[in-house]
Amino acid sequence: MDMSEPSERYKTGMKTRRAVLGAHYVDAAVAATDEFNADFQTLITESAWGSVWSRETISKRERSMLTIALLAALGHHDEVSMHVRATKNTGASIDDIKEALLHVAIYAGVPAANHAFKIARTALAELDAESKA
């Protein structure tokens, strides 16, 4: 795909993606883009970040909570960690994360929530250590 002329949705998506996940994370993903995964990177930037995360109907904090709960319920563990770390940029608090994962326990099962709590605890500890460094 020719990225010399990115779409407006891509530009909006990239801005939102950087604001939520952080420039360092996004820069690494962009640097790892090659001919094989370029279309995928464009798809997620335009659709997830440019179409959904850029909407103003609900806040980034609320989107964080929803995203963490959905990823935990579906067992997407690496993504849970990434989005817990992103809460430093979205305004979702530790209590918000806990509430989202309590919903997972009731609606998706205790094992899914149990594992997600472990992942979130690790990600939060890493964030805390980074902030003290």
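Our structure is the block above this text.
Here is a short report on the structure shown in this document.

### Quick word on the packing of helix α6 (residues 94–107) against helix α7 (residues 110–132)
A pair of packed helices is captured by two measures, namely the crossing angle of their axes and the spacing between those axes.
So, step 1. Running from N to C, α6 and α7 cross one another at 160°; their axes reach a closest spacing of 8 Å. One finds that α6 runs roughly antiparallel with respect to α7. Helix-helix and strand crossings are classified by hand; for α6 and α7 the assignment is right-handed. In contact with I94, I97, K98, L101, L102, V104 and A105 of α6, α7 contributes V110, A112, A113, A116, F117, A120 and L124.
So, step 2. Grouping the amino acids of the contact of α6 with α7 by side-chain chemistry returns 13 nonpolar, no polar and 1 charged.

### Details of the pattern of salt bridges
So, step 1. For the structure shown, the criterion picks out 7 salt bridges.
So, step 2. Salt-bridge contacts for E8 lead to K11; the nearest nitrogen and oxygen are separated by 3.2 Å. Here K11 and E8 lie together in helix α1 (residues 8–21), a separation of 3 residues that amounts to about one turn.
So, step 3. For E8, a relative accessible area of 55% gives the class exposed.

### Notes on the packing of α1 against helix α2 (residues 23–31)
So, step 1. The geometry of α1 relative to α2 is characterised by a closest axis approach of 6 Å and an angle of 125° between their N-to-C directions. Taken together, the axes of α1 and α2 lie oblique to each other. Here M14, R17, R18 and L21 of α1 come into contact with α2, specifically with A23, Y25, V26, D27, A29 and V30.

About the cut-offs
- Sequence order as written defines residue numbering, which begins from 1 separately in each chain.
- At least 70 in pLDDT is required for a residue's local features to be given in this predicted model, at least 80 for side-chain atom pairs to be given and counted, and no such filter applies to totals for whole chains, interfaces and linings, which use all residues.
- Values shown for side chains rest on all heavy atoms present in the structure; no hydrogens or waters enter the calculation.
- Helix axes are fitted only over the stretch in contact, all axes being lines through C-alpha atoms; the angle between N-to-C directions runs from 0 to 180 degrees.
- Secondary structure elements follow DSSP: runs of H or I no shorter than four residues count as helices, runs of E no shorter than two count as strands, and numbering proceeds from the N terminus.
- Orientation categories follow fixed angle ranges, with anything under 35 degrees roughly parallel, anything over 145 roughly antiparallel, 65 to 115 roughly perpendicular, and all other angles oblique.
- In this scheme the handedness of a crossing depends on how the near helix is turned from the far one: anticlockwise by less than a right angle means left-handed, clockwise means right-handed.
- The contact criterion used is simple: two residues touch if any of their non-hydrogen atoms lie within 4.5 Å.
- Side-chain classes follow a simple rule in which Ala, Val, Leu, Ile, Met, Phe, Trp, Tyr, Cys and Pro form the nonpolar group, Asp, Glu, Lys and Arg form the charged group, and the remainder, Gly included, forms the polar group.
- The salt bridge criterion pairs a side-chain nitrogen of Lys or Arg with a carboxyl oxygen of Asp or Glu, the two atoms within 4 Å.
- With a 1.4 Å probe rolled over the protein chains alone, any residue whose accessible area is under 20% of its type maximum counts as buried; one over 50% counts as exposed, and the rest are partly exposed.

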